[in-house]
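Per-entry structural report
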Amino acid sequence: MKHCIKAILLASAVSWASGPLLAAGTHPTTGEALADDQTFTYQTIDEHTSVDPQLVEDVGGAAIVRDLFEGLYNQDADGNMVPGVALNHTTNADKTVYTFTLRNNAKWSDGKTVTAGDFEYAWKRLADPETASEYQWFMGVMNLKNAVDVMSGEMPVSELGVKALNDTTLEVTLAGSMSYFPLTTTHSSTFPTPQWAIEAHGTDWVKPENIVSNGAYVLTKHVPNETLERERNPMYWNDAETIMEKVVIKIVNDENVALTRYLAGEFDQTGVPTGQFLKMQEQYPDEVHSNPALCTYYYSMNMGENGPEALKDKRVRQALSYAIDRDIIVNNILQAGQFPAYTFTPAATAGFTVPEVEASTMTQAERDAKAAELLSAAGYGTDNPLSVEILYNTSEGHKKIAIAISQMWKQKLGVEATMQNQEWKTFLTTKSEGNYQVGRAGWCGDYNEASTFLDLVGSASGYNDSKFANAEVDQLLLDSKTSDNPQPNYTRIEEIVADEVPLISIYHYTNAMFLKPSIKGWPFENVEGNWYSRNLYKVAK
Amino acid sequence: MLNLIVRRVAIAIPTLLIILVISFLLMHAAPGGPFTSEKPLPPQVLANIEAKYGLDQPIYKQMINYTVGILTEFDFGPSFKYKDRTVNEIIAQGFPVTMTYGIWSFIVAVSFGIPLGLIAALRQNTRTDYFAVGFSITASVLPNFVMAPLLILVFTLWLGLLPGGGWNDGSWENLILPVIALSTSYTAELTRLTRASLLEVLRSNYIRTARAKGLPERTVILRHALKPAMLPVITYLGPMFVGLITGSFIIDSIFSTGGMGYFFVNSALNRDYSVMLGITLLAGGLVVLFNLIVDLAYGWLDPQIRY
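Residues numbered from 1 in each chain as written. Chains lettered and ligands numbered in written order. Predicted model: local features only at pLDDT ≥ 70, side-chain atom pairs only at ≥ 80, totals over all residues. Heavy atoms only, no water.

Observations concerning the overall build of chain A
- Regarding its fold elements, chain A presents 17 helices and 19 strands.
- Relative to a compact globule of 541 residues, whose C-alpha radius of gyration would be 24 Å, chain A shows 26 Å and is just as compact.
- If one aligns the C-alpha atoms of chain A with their principal axes, the spans along those axes are about 100 × 55 × 40 Å.
- Out of the 541 residues in chain A, the part that is buried amounts to 56%.
- Sequence separation of 24 or more characterises 68% of the internal contacts of chain A that already satisfy a separation of 6 or more.
- Of the charged side chains in chain A, 41 are positive and 70 negative; the average position of the first set lies 4 Å away from that of the second. (Helix = DSSP H or I, 4+ residues; strand = E, 2+ residues; numbered from the N terminus. Rg over C-alpha atoms; globule rule 2.2 N^0.38 Å. Buried < 20%, exposed > 50% of the residue type's maximum accessible area, 1.4 Å probe, protein only. Contact = heavy atoms within 4.5 Å. Lys, Arg positive; Asp, Glu negative; His and termini not counted. Charge placed at Lys NZ, Arg CZ, Asp CG, Glu CD.)

Here is the structure:
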């Protein structure tokens with residue numbers, strides 16, 4: 001009893017002592033004066049697809065899900081993996097079994113404890129054919145044991161390689177060795193979901209009045225295609241360190257109108273309208289930011305059955321790649337700090353060193369000379385001009401790039417390049433059916449590791465639109481899954497891709513945005529663009 | 001009259017069914033589907049999704065299932081893109097928004113457009129007439145996708161008087177800019193139409209006869225000219241009202257109202273079949289309804305019209 005009273009007194013003293021600090025509105029670590037109103041309002045261009053971790057499929061929706069739910073691991077400001085619900089993990093010698101130890105103080109917003117069983121339920125829910133999640137394929141990326149058979153309905157969901165050994169121990173069995181498996185657990189589709197709430201409310205469980213979540217925030221309001229609000233979750237295990245009280249999304253479908261409203265003070269963050277980055281950066285140097293992103297813009301060369309004969313000649317593909325002046329594209333067309341690309345995997349990818357491929361070491365004049373030489377050797381020239389068609393989807397940006405590239409090919413190589421513009425879904429269908437010659441494409445990593453890019457050039461990949469097949473690449477990809485140091489494999493794959501040119505990497509993306517200087521804690525160095533509202537705070541002006 | 005209403009309702013049902021069938025076939029004829037994406041789904045995943053939404057069935061079965069769902073449970077199905085919502089929810093949330101700013105725009109357009117057109121016609125070749133014609137031309141060439149950003153620039157950024165968007169449960173501050181942007185071109189069109197129509201009637205022989213008989217000008221206009229002059233205007237008001245209350249993609253996109261116009265266009269782009277069909281049927285039903293109202297109004301304006 002004596003100890004109990006002492007503990008209460010001590011707790012009261014601590015809370016009294018810390019009270020003035022927070023009341024005075026200073027950041028507990030940096031000492032910065034905090035604004036009285038800790039509300040972060042940002043704009044998105046479109047409504048999210050879902051806030052259900054296993055159903056969400058868009059980037060904006062995933063950002064909401066990261067606030068509402070918490071997975072085994074989170075990312076820090078630099079994109080490194082840090083504990084979430086899991087405190088740590090161990091693995092067996094061949095990296096096929098991972099055992100995660102979960103914290104015992106993680107709570108759902110209704111007060112229930114977050115257990116390993118909640119993860120088991122969520123992962124099985126993701127793999128279940130009845131859930132019919134568009135992100136089911138991520139189970140394949142995670143390489144979970146029996147995932148493929150479970151998804152196809154050939155095995156019961158109970159056979160999936162995930163099991164709660166007890167409330168705080170989750171055991172995961174993989175189909176094969178995979179050294180970077182824990183990285184995949186930062187993905188929103190792997191976050192836990194509350195079985196009891198889903199069973200009680202069905203698909204309505206994600207409505208603000210029904211939702212139960214385990215993240216730093218709870219969903220409090222949603223007006224479709226207008227606004228969404230989330231507020232601090234007092235049950236979150238680390239709520240004491242959360243400063244931002246409320247996060248508000250405003251959906252504005254027009255990027256120019258969004259900028260006007262940002263400048264009028266309606267939002268704290270918005271995007272930079274296409275083509276206005278340089279002007280805006282000059283006008284608002286403290287508010288405009290551009291940081292590397294884990295994405296590559298490229299042109300896919302159709303080497304498949306329906307592809308043109310000319311593109312089956314390596315020299316033609318190489319010539320077309322060499323003749324593209326990437327510097328002009330990034331400096332004169334895009335103008336938002338993008339990086340010229342000579343390899344498919346961006347330099348910003350964790351643990352990846354960009355190999356020195358020949359094109360990257362040459363001047364553009366040298367590249368142009370080599371391109372002309374290669375195309376001539378392939379039998380094309382002014383007397384026998386090469387004709388190609390560039391397919392792109394409706395967008396001013398894609399159009400500008402296609403015009404520039406067609407002009408480069410025309411001027412340097414005499415190539416007759418025509419352009420075909422198609423509406424988005426028609427474009428995707430045309431490409432997937434292989435009815436194109438050169439097609440625009442973009443790829444963003446699903447996790448921060450080079451294989452998320454390089455898997456795409458594997459012959460078995462469903463995303464290999466160019467129908468490129470190379471046995472050495474396939475073997476290197478396979479070996480890299482189990483290797484402690486896959487970099488040599490990645491270097492070799494990039495060298496093969498640079499030589500065979502199944503795709504022409506053009507530039508690596510950046511994330512460009514406006515952010516009010518009063519908002520602090522934004523993880524600019526996180527190349528996946530993964531941010532968590534609980535790390536943000538607003539300083540007093 | 002009752003006979004007309006019964007006949008129209010009887011015709012409306014097959015009309016809506018034809019709209020449903022044509023829309024269904026056109027949607028499925030368009031390349032790509034709701035789950036076609038830049039990262040193509042593995043075949044098994046796609047098969048699971050198609051099975052869940054019944055897209056693995058033959059088209060005629062899908063059409064029957066959809067129609068039965070509507071007729072028996074008034075269920076327009078789930079949205080394929082917005083996983084947390086059904087088409088019923090999207091319409092229930094979006095239609096009142098669209099209807100609110102649509103009705104206000106209608107009121108503004110009718111309140112300003114028709115009187116301005118009447119005054120312009122009655123004072124032809126005066127300053128008032130020149131103003132009305134000038135307004136009509138200017139507003140016609142200033143589409144709402146130009147007007148809307150301009151209004152936000154002036155009233156939100158420069159003057160700081162009104163919010164640049166959002167619905168905010170339909171508060172009047174949020175309503176003003178969308179209503180101005182949407183009603184301006186309709187006001188101009190009504191001004192032009194009313195002016196031209198009244199001028200034509202005023203030049204007709206029976207008006208000349210009425211004046212020759214010595215009837216006061218007020219009586220000539222109110223009793224003999226106004227009603228027939230309103231016929232083309234009324235003809236225009238029906239589809240105009242339907243157009244206004246079924247939503248504007250531009251207004252919804254620029255002012256972030258959450259209205260149906262945005263969903264209608266985007267559902268077509270996303271191949272969100274059920275949303276597109278639901279909104280098409282709603283719009284079709286409203287067209288049928290307001291055409292009936294216009295026809296009834298004809299009978300009142302011109303008793304010579306028989307059905």
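Quick word on the overall build of chain B
- Looking only at helices and strands, chain B features 12 helices and 0 strands.
- Secondary structure elements of chain B, listed N to C terminal, follow the sequence α-α-α-α-α-α-α-α-α-α-α-α.
- Residue burial in chain B is summarised as follows: out of 307 residues, 48% are buried.
- Pairs at least 24 residues apart make up 73% of the contacts formed inside chain B by residues separated by at least 6 positions.
- Within chain B, one finds 21 positive and 17 negative side-chain charges whose respective centroids are separated by 15 Å.

What about the pattern of salt bridges?
- Scanning all chains against the criterion turns up 35 salt bridges over all chains.
- With a closest N to O distance of 3.1 Å, R440 of chain A and E38 of chain B form a salt bridge. In this pair, R440 of chain A sits in strand β16 (residues 438-444) while E38 of chain B sits in the loop between α1 (2-29) and α2 (43-53), so the two residues belong to two different chains.
- Residue classification places E38 of chain B among the partly exposed positions, given a relative accessible area of 30%. (Salt bridge = Lys/Arg side-chain N within 4 Å of Asp/Glu carboxyl O.)

Structural notes on the interface of chain B and chain A
- With 46 residues of chain B at the interface, the matching set in chain A holds 51 residues.
- For the pair chain B and chain A, the summed buried area comes to about 3900 Å², and 55% of that belongs to carbon and sulfur atoms.
- On the chain B side of the contact with chain A, E38, K39 and D84 of chain B bury the most area, a combined 18% of that side's loss.
- For the interface between chain B and chain A, the tally reads 7 salt bridges.
- Across the pair E47 of chain A and R85 of chain B runs a salt bridge, and its minimum N-O distance is 3.0 Å.
- Remark: the boundary between chain B and chain A carries 28 residue pairs in polar contact (both at pLDDT 80 or more).
- At the level of secondary structure, the elements contributing two or more residues to the side of chain B that touches chain A comprise α2, α4 (87-122), α6 (144-158), α10 (249-255) and α11 (260-270) of chain B.
- Tallied by class, residues from the side of chain B that touches chain A come to 19 nonpolar, 17 polar and 10 charged. (Buried area = accessible area lost by both parts, 1.4 Å probe. Polar contact = N/O pair within 3.5 Å; in protein donor to acceptor, adjacent residues only side chain to side chain. Nonpolar A, V, L, I, M, F, W, Y, C, P; charged D, E, K, R; others polar.)

Points about unusual backbone geometry
Residues and elements named next belong to chain A.
- Of note in this structure, K95 is not a glycine but carries a positive phi near 55°.
- Positionally, K95 belongs in the loop between β4 (86-91) and β5 (97-102).
- For A132, which is not glycine, the phi torsion reads 55° and is therefore positive.
- Tracing the backbone through its elements, the reader meets A132 in the loop between α3 (116-127) and α4 (137-142).
- The exposure class assigned to A132 is buried, which follows from its relative accessible area of 4%.

Observations concerning the state of the cysteines
Residue and element names in this part refer to chain A.
- The tally for this structure, following the rule as stated, stands at 1 disulfide over all chains.
- In this model, C295 is linked to C444 through a disulfide, with the two sulfur atoms separated by 2.0 Å. Taking the sign of the torsion about the S-S bond as the criterion, the disulfide between C295 and C444, at about 110°, is right-handed. Here C295, found in strand β12 (residues 288-301), pairs with C444, found in strand β16; they are 149 residues apart in sequence, far enough to count as distant.
- The class of C295 is buried, set by a relative accessible area of 10%. (Disulfide = S-S within 2.5 Å.)

What about the sheet that holds strand β7 (residues 169-173) of chain A?
All names here are of chain A.
- Taken in spatial order, the 4 strands make up an open sheet running β4-β5-β7-β6, and their pairing is antiparallel. Since the sheet does not close on itself, it has two edges, and those belong to β4 and β6 (162-166), each with one partner. Geometrically, the sheet is characterised by an average inter-axis angle of 25° between neighbouring strands, direction not taken into account.
- Here 5 bridges tie β4 to β5, and the two strands are oriented antiparallel to one another. Across the sheet, residue T90 finds its bridge partner in β5, namely T99.
- The strands touched by α3 within the sheet are β5, β6 and β7, with β6 carrying the most contacts at an inclination of about 165°. (Pairing = 2+ DSSP bridges. Axes fitted to C-alpha atoms, helices over the stretch in contact; angles between N-to-C directions.)

Let's talk about the pairing of strand β1 (residues 39-44) of chain A
All names here are of chain A.
- Among the 6 residues of β1, 6 are classified as buried, and the element is accordingly described as predominantly covered.
- Burial along β1 is two-sided: T39, T41 and Q43 facing one way and F40, Y42 and T44 facing the other are all buried.
- Pairing of β1 with strand β10 (residues 246-251) involves 6 bridges; the strand directions are parallel. Pairing of T44 across the sheet is with I251, part of β10.

Describing the confidence of the model for chain B
- The pLDDT averaged across chain B works out to 91; a share of 99% of its residues lies at or above 70.
- Predicted complex, confidence summary: ipTM 0.87, pTM 0.88. (pLDDT = per-residue confidence, 0-100.)

A few points about a nonpolar patch on the surface
All names here are of chain B.
- There is a patch of nonpolar side chains on the surface, built from M99, I103, W104 and I107 and spanning about 330 Å² of accessible area.
- Summarising the element assignment, I103 is placed in helix α4.
- What makes I103 partly exposed here is its relative accessible area of 32%. (Patch = residues over 30% accessible without salt bridge, like charges linked within 9 Å, V, L, I, M, F, W, Y side chains within 5 Å. Areas by Shrake-Rupley, 256 points an atom, 1.4 Å probe, with all protein chains shown as cover.)

What about the packing of aromatic side chains?
- Under the defined criterion, the tally for this structure stands at 38 aromatic pairs over all chains.
- Relative to Y273 of chain B, the ring of F80 of chain B has its centre 6.1 Å away and its plane inclined at 85°; by these criteria the two rings are edge-to-face. Highlighted residues: F80 of chain B in the loop between α3 (59-73) and α4 and Y273 of chain B in helix α12 (residues 273-301), separated in sequence by 193 residues. Both residues of the pair, F80 of chain B and Y273 of chain B, count as buried.
- K39 of chain B extends its terminal NZ or CZ atom over the ring of W443 of chain A, reaching a point 4.4 Å from the ring centre.
- Taking the ring centre of Y82 of chain B as reference, the NZ or CZ of R85 of chain B above it sits at 5.4 Å. (Phe/Tyr/Trp six-rings, centres within 6.5 Å; stacked < 30°, edge-to-face > 60°. Lys NZ or Arg CZ within 6 Å of the ring centre and 35° of its normal.)

Things to note about the packing of α6 of chain B against helix α7 (residues 172-202) of chain B
All names here are of chain B.
- Orientation of α6 relative to α7, taken along the N-to-C sense of each, is 145°, at an axis distance of 9 Å. The handedness of the crossing between α6 and α7 comes out as right-handed. Touching N144, M147, A148, L151, I152, F155 and T156 of α6 are L177, I180, A181, L182 and T184, all from α7.
- Taken together, the residues of the contact of α6 with α7 sort by class into 9 nonpolar, 3 polar and no charged. (Left-handed = near helix turned anticlockwise from the far one by under 90°.)

Description of the nonpolar core
- The biggest cluster of nonpolar side chains holds 177 residues, and the ones touching the most others in it are F40, F100, W123, M139, L144, V172 and F181 of chain A.
- Here this core gets 14 residues from one element, more than from any other, and that element is helix α9 (residues 217-245) of chain B.
- Contact partners of W123 of chain A, with chain neighbours within four places excluded, come to L72, M139, M142, L144, L160, V162, V172, F181, T185 and T190 of chain A.
- I390, L413, V415 and I506 of chain A belong to the second-largest nonpolar core, a separate cluster that totals 39 residues. (Core = buried A, V, L, I, M, F, W, Y, C linked by side-chain atoms within 4.5 Å.)

Some details on α2 of chain B
- Those residues of α2 of chain B that fall on the buried side of the exposure criterion are V45, N48, I49 and Y53 of chain B. End-on, the buried residues of α2 of chain B take up no more than an arc of 125°, which puts them together on one face.
- Packed against the buried residues of α2 of chain B are α4 and α5 (147-151) of chain A. (Arc of directions from axis to C-beta.)

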